[in-house]
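If you want the building blocks of each chain, they are given just below.
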Amino acid sequence: MMVLVNMDNRSSKSAISTLYESICGFLRMCLFRVLAFGSIPEHIAFIMDGNRRFSRSRNLNGGVSHRVGFLALVSILQHCYELGVKYVTVYAFSIDNFNRSADEVESIMDLMQEKIEKLLKEESIVNKYGIKINFFGNLNLLNEPVRRAAERAMVVTAGNTRAVLSICVAYTCTDEIVHAVQESCHKKWARFQEEKPNGLDNDDDMIECFGKNGLEESEITVVDLERNMYTAECPDPDILVRTSGETRLSNFLLWQTTCCQLLSPSALWPEISLRHLVWMILEYQRVRPYLEKKKRL
């Protein structure tokens, strides 16, 4: 008899929970339809700041806040894609973060590997919304298990086209610009070697001839750099958000955010929620005419 009562209680709770989720989903979609009367950003970038402060304020283990932060990320991704935001970019781990204690870096790397693998599971948000995953940064700085997990995620989701999640890890914009310059030089030099005049086998002669071919052939242009940025396949962000109230960009997408709405909600990253996203969209819609005017200048 007790078993039947417990089963009935669980069934009742499950039904109530399902009904509650359905009502919340319906209300959320109504809200998104209202927001859609204004302009919806194509690309939102997040600096996920405040995980450690979240831990300290609640006397939690550091790993707990990062796990809560991952749940916040999944929730924000769901809301963004339901709203019609196609591109989301997150700053997950800076090159400078490798200067933290070895134990903390190892813990974050282990968690990152776990969550990357979780994203690829059949029931994950990636498969639900058809998300293509990019990893931007110097991936050679990652340990092998994390690097292999990241590379596998990019291969497995390469055919997805409905939405794009770009994860910046082992990243700084300084490193990205250096990478773009190096790639541009390598490609120009390789193209010159393919098209070089006959009889030019000496490196010094080739370099002299390369330099005489004019600015178009030998100099690196803005177009060259932008073609070779990690983020080349994504449009520039419409909104860049740094949680926790900080206004520093911390070497994140400096090149790509010249005409971008910058927002700094006071909420720590694990606290970020739908109401914050709605505020971001409304702020963007308020200033969008000014941003569009700046882009045309």
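Keep in mind that what you see is a predicted model, and the values were worked out from it rather than measured.

The rules behind these values
- Residues numbered from 1 in each chain as written.
- Predicted model: local features only at pLDDT ≥ 70, side-chain atom pairs only at ≥ 80, totals over all residues.
- Heavy atoms only, no water.
- Helix = DSSP H or I, 4+ residues; strand = E, 2+ residues; numbered from the N terminus.
- Buried < 20%, exposed > 50% of the residue type's maximum accessible area, 1.4 Å probe, protein only.
- Contact = heavy atoms within 4.5 Å.
- Expected span 1.5 Å × (residues − 1).
- Arc of directions from axis to C-beta.
- Axes fitted to C-alpha atoms, helices over the stretch in contact; angles between N-to-C directions.
- Parallel < 35°, antiparallel > 145°, perpendicular 65-115°, else oblique.
- Left-handed = near helix turned anticlockwise from the far one by under 90°.
- Nonpolar A, V, L, I, M, F, W, Y, C, P; charged D, E, K, R; others polar.
- Pairing = 2+ DSSP bridges.

K.L.:
Even after reading the chapter, I still don't get the overall build of the protein chain, so can you show me in this structure?
P.N.:
Assigned secondary structure in the protein chain consists of 11 helices and 6 strands. With 297 residues in all, the protein chain has 41% of them scored as buried. Taking as baseline every contact in the protein chain between residues at least 6 positions apart, the subset at least 24 positions apart corresponds to 76%.

K.L.:
Would you explain helix H6 (residues 144–156) in this entry?
P.N.:
Side chains three or four residues apart in an α-helix point the same way, a direct result of the helix having 3.6 residues per turn. With 13 residues, H6 extends 18 Å between its outermost C-alpha atoms, agreeing within 8% with the 18 Å of an ideal straight helix rising 1.5 Å per residue. What H6 keeps buried is the set Val146, Ala149, Ala150 and Ala153. All buried residues of H6 project into a common sector of 100° when viewed along the axis, lining one side. Buried residues along H6 sit against helix H4 (102–119) and strand S3 (131–136).

K.L.:
Explain the packing of H4 against H6 to me, please; I cannot follow it from the model alone.
P.N.:
When two helices pack together, their arrangement is given by the angle between their axes and by how far apart the axes lie. Axis separation between H4 and H6 bottoms out at 9 Å; the angle between their running directions is 25°. Considered as vectors, H4 and H6 are oriented roughly parallel to each other. Crossing geometry of H4 relative to H6 is assigned as left-handed. Seen from H4, the contacting residues are Met109, Met112, Gln113 and Ile116; seen from H6, they are Pro145, Val146, Ala149, Ala150 and Ala153. Partitioned by chemical class, the residues of the contact of H4 with H6 number 8 nonpolar, 1 polar and no charged.

K.L.:
Looking at this model, I keep getting lost on the environment of Leu83. Mind explaining?
P.N.:
By the secondary structure assignment, Leu83 is in helix H3 (residues 62–83). If sequence neighbours within four positions are ignored, Leu83 has contacts with Phe32, Leu35, Ile40 and Ile281.

K.L.:
Is there a simple way to think about the sheet that holds S3 in this case?
P.N.:
Strand pairing in a sheet relies on backbone hydrogen bonds, with the paired strands running either antiparallel or parallel. The strand order S3-S4-S2-S1-S5-S6 describes an open sheet built from 6 strands, whose pairing is parallel. The sheet is open, and its two edges are formed by S3 and strand S6 (261–263), each paired on a single side. Neighbouring strand axes in the sheet, compared pairwise and without regard to direction, differ in orientation by 15° on average. For strand S1 (residues 43–47) and strand S2 (residues 87–94), the ladder comprises 5 bridges, and the chain directions are parallel. Counterpart to Phe46 in the pairing with S2 is Val90. Running over the sheet, H4 touches S2, S3 and strand S4 (163–171) and is turned about 155° from S2.

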